[in-house]
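Summary of the model geometry
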Amino acid sequence: MFELIRVAAHTYYIDCPVRVGLWEKDGEAILIDSGNTPETAARILERVNEAGFHIRHVLNTHCHPDHIGGNRYIAEQTGAVCWCSSKDAAFCTVSELGTAIMYGGRPPQKLMRDRFMKAEDWPAREAEEFPFPEGMELISLEGHSMFQKGVRTPDGVCFMADCVASTRVLDRFVYTYAYDIELYRNTLERLCSWDKGIYIPSHCEPTEDIASLAAENLQRLDARLLEISELLSDGMTFEELLSELFRRHKLRMTLSQRYLIGSTVSGMLSCLMDMGRVDARADAGRLIWFTAGGK
Ligand SMILES: [Zn+2]
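Residues numbered from 1 in each chain as written. Predicted model: local features only at pLDDT ≥ 70, side-chain atom pairs only at ≥ 80, totals over all residues. Heavy atoms only, no water.

In this section: unusual backbone geometry. In this model, Phe2 sits at a positive phi of 65°, which is unusual for a non-glycine residue. Of note, Phe2 is situated in the segment before strand S1 (4-6). We classify Phe2 as buried; its relative accessible area is 5%. With a phi angle near 50°, Ala284 is a residue other than glycine that sits in the positive phi range. (Helix = DSSP H or I, 4+ residues; strand = E, 2+ residues; numbered from the N terminus. Buried < 20%, exposed > 50% of the residue type's maximum accessible area, 1.4 Å probe, protein only.)

Given below as structure tokens:
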């Protein structure tokens with residue numbers, strides 16, 4: 001854990017709970033994401049210092065707390081500037097925004113103290129303005145967060161953020177987080193035809209074959225959408241639907257899991273509604289979601 005592993009001439013990743021990338025030239029480094037907490041960031045910085053690199057920039061793939069949790073620490077220790085894709089940058093600067101999206105209003109302090117739900121605020125600039133070294137570019141991976149991006153380094157390594165989950169994670173958590181299901185689905189479909197390469201997803205082992213992993217994630221996503229539309233054949237409130245999903249997949253109900261998985265299920269209902277596969281009606285003061293269009 002926390003080893004600096006070289007994967008190409010100038011590209012490394014740090015093996016920690018949420019993999020962090022590093023690209024360096026002449027000792028100057030760009031860190032790709034910053035770890036899930038300030039404590040993780042401190043260990044990352046230790047390794048980077050030992051290698052003799054100086055971090056000039058932190059390029060965040062997206063705004064989720066486990067990817068930006070070390071921004072403040074790294075920036076304060078090194079003077080690095082933090083960047084994040086387009087509008088995700090606003091969610092780094094005011095991290096409560098992401099928690100509020102999941103909760104649906106101003107979240108209680110108990111949720112905002114949960115490091116999986118909210119990171120420390122630290123200003124991020126929009127990554128589209130980033131002074132990219134020649135050959136480095138962002139990869140479109142939208143959907144998991146509003147504007148998630150991957151990073152392709154000049155020596156051909158692709159940091160893929162949270163665009164795919166491992167089989168183990170899919171088996172265990174079933175409803176893995178995504179914000180915009182239609183965009184997320186489009187991203188997965190696109191990745192299904194990608195060539196072999198060096199791909200480093202944040203929560204999976206590095207792989208040469210991102211296409212197979214994307215295909216598996218796509219198949220699981222479609223199964224989840226089908227499951228919801230079938231469960232709604234007799235109509236259910238949102239809470240009844242969520243309760244049934246937690247029960248049948250043996251998921252553990254906690255305050256944070258309720259809003260993390262609930263947010264994903266809300267996004268799935270939006271996607272199904274936009275496709276004409278589910279609809280909602282008022283019934284005696286309750287909003288009933290039901291299958292529409294026969295599927
Ligand atoms: Zn994420």
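That was the structure; now back to the text.
Here the focus is the packing of aromatic side chains. Tallied over the full model, the rule gives five aromatic pairs. Measuring from centroid to centroid gives 5.2 Å for Trp83 and Phe130, while their planes differ by 85°, and the two rings are edge-to-face. Placement of the pair is Trp83 in strand S6 (residues 81-84) and Phe130 in the loop between strand S7 (125-126) and strand S8 (137-140), with a sequence separation of 47 residues. The residues Trp83 and Phe130 share a single accessibility class, namely buried. Geometrically, the ring pair formed by Trp194 and Tyr199 is tilted, given 6.1 Å between the ring centres and 40° between the ring planes. Assessed through its relative accessible area of 21%, Trp194 is described here as partly exposed. Each residue in the set Trp83, Phe130 and Phe132 is aromatic and connected to the rest through ring pairs, giving one cluster. Here the basic side chain of Arg258 rests over the ring of Tyr259, its NZ or CZ set 4.5 Å away from the ring centre. When the ring centre of Phe290 is taken as reference, the NZ or CZ atom of Arg281 above it lies at 4.9 Å. (Phe/Tyr/Trp six-rings, centres within 6.5 Å; stacked < 30°, edge-to-face > 60°. Lys NZ or Arg CZ within 6 Å of the ring centre and 35° of its normal.)

So, about the sheet that holds strand S9 (residues 149-152). In space, the four strands of this open sheet follow the order S8-S9-S10-S11, with mixed pairing throughout. Of all strands in the sheet, those with a lone pairing partner are S8 and strand S11 (198-201), marking the two edges. The average undirected angle you get between the axes of adjacent strands in this sheet is 25°. The pairing of S9 with strand S10 (residues 157-161) spans two bridges and is classified as antiparallel. Within S10, the residue paired with Val151 across the bridge is Phe159. (Pairing = 2+ DSSP bridges. Axes fitted to C-alpha atoms, helices over the stretch in contact; angles between N-to-C directions.)

Let us look at the coordination of the zinc ion. Protein coordination of the zinc ion is provided by His62 (NE2), His64 (ND1), His144 (NE2) and Asp162 (OD), with donor distances spanning 2.1 to 2.3 Å. Between the four donor atoms coordinating the zinc ion, the angles at the centre fall across 88 to 174°, so the site counts as irregular. Sequence positions of the donors to the zinc ion reduce to the motif H-x1-H-x79-H-x17-D. With a gap of 98 residues between them, His64 in the loop between strand S5 (54-60) and helix H2 (65-68) and Asp162 in the loop between S10 and helix H7 (167-173) connect regions that are remote in the sequence. Taken individually, His64 and Asp162 each receive the classification buried, so the pair is uniform in this respect. (Donors = N, O, S within 2.8 Å, 3.2 Å for Na, K, Ca; no water. Tetrahedral: all angles 85-135°; square planar, octahedral: opposite > 155°, others 65-115°.)

Our focus in this paragraph is the nonpolar core. Counting residues in each nonpolar core, the largest one holds 39 residues, and the members touching the most others are Met160, Ile228, Leu241 and Val265. Of all the secondary-structure elements, those providing two or more residues to this core are S10, helix H8 (181-191), helix H9 (210-231), helix H10 (238-248) and helix H11 (255-274). Residue contacts for Met160: discarding those within four places in its chain leaves Ile139, Leu141, Leu191, Trp194, Tyr199, Ile200, Pro201 and Ile210. Grouped together as the second largest cluster of nonpolar side chains are 27 residues, Cys16, Leu31, Phe53 and Ala89 included. (Core = buried A, V, L, I, M, F, W, Y, C linked by side-chain atoms within 4.5 Å. Contact = heavy atoms within 4.5 Å.)

This part is about the layout of surface pockets. Of the pockets and cavities examined, the largest pocket occupies roughly 1,300 Å³. Along the walls of the largest pocket sit 40 residues, with Asp66, Phe116, Val169, Phe173 and His203 positioned nearest its centre. For the lining of the largest pocket, the secondary-structure elements that each account for two or more residues are H2, H7 and H11. Residues that form the lining of the largest pocket fall into these classes: 19 nonpolar, eleven polar and ten charged. Both domains that furnish three or more residues to the lining of the largest pocket are identified here as domain 1 (4-136) and domain 2 (228-291). The space that makes up the second largest pocket amounts to roughly 310 Å³. In terms of lining residues, the second largest pocket is bounded by 20 residues, among which Ile101, Gly262, Ser263, Ser266 and Gly267 are the most central. Those elements giving two or more residues to the lining of the second largest pocket turn out to be helix H5 (96-103), H8 and H11. Considering every element that reaches the lining of the second largest pocket, the biggest residue donor is H11, with nine residues. (1 Å grid on protein atoms, 1.4 Å probe; cavity = no way out; pocket = protein on both sides within 12 Å on 5 of 7 lines; lining within 4 Å. Points joined across faces, edges and corners; volume = space filled by probe spheres on them. Nonpolar A, V, L, I, M, F, W, Y, C, P; charged D, E, K, R; others polar. Domains from an automatic or database assignment.)

Helix length check: helix H1 (residues 38-50) (13 residues) gives 18 Å between terminal C-alpha atoms against 18 Å at 1.5 Å per residue, within 8%. Those residues of H1 not exposed but buried are Thr40, Ala41, Ile44, Leu45 and Val48. Summarising the axial view, the buried residues of H1 lie within an arc of 135°, below the 170-degree limit, and thus occupy one face. Where H1 is buried, its residues meet strand S2 (11-14), strand S3 (20-25), strand S4 (28-32), S5 and helix H3 (71-78). In the stretch just after H1, Gly52 is the one whose phi turns positive, near 85°. (Expected span 1.5 Å × (residues − 1). Arc of directions from axis to C-beta.)

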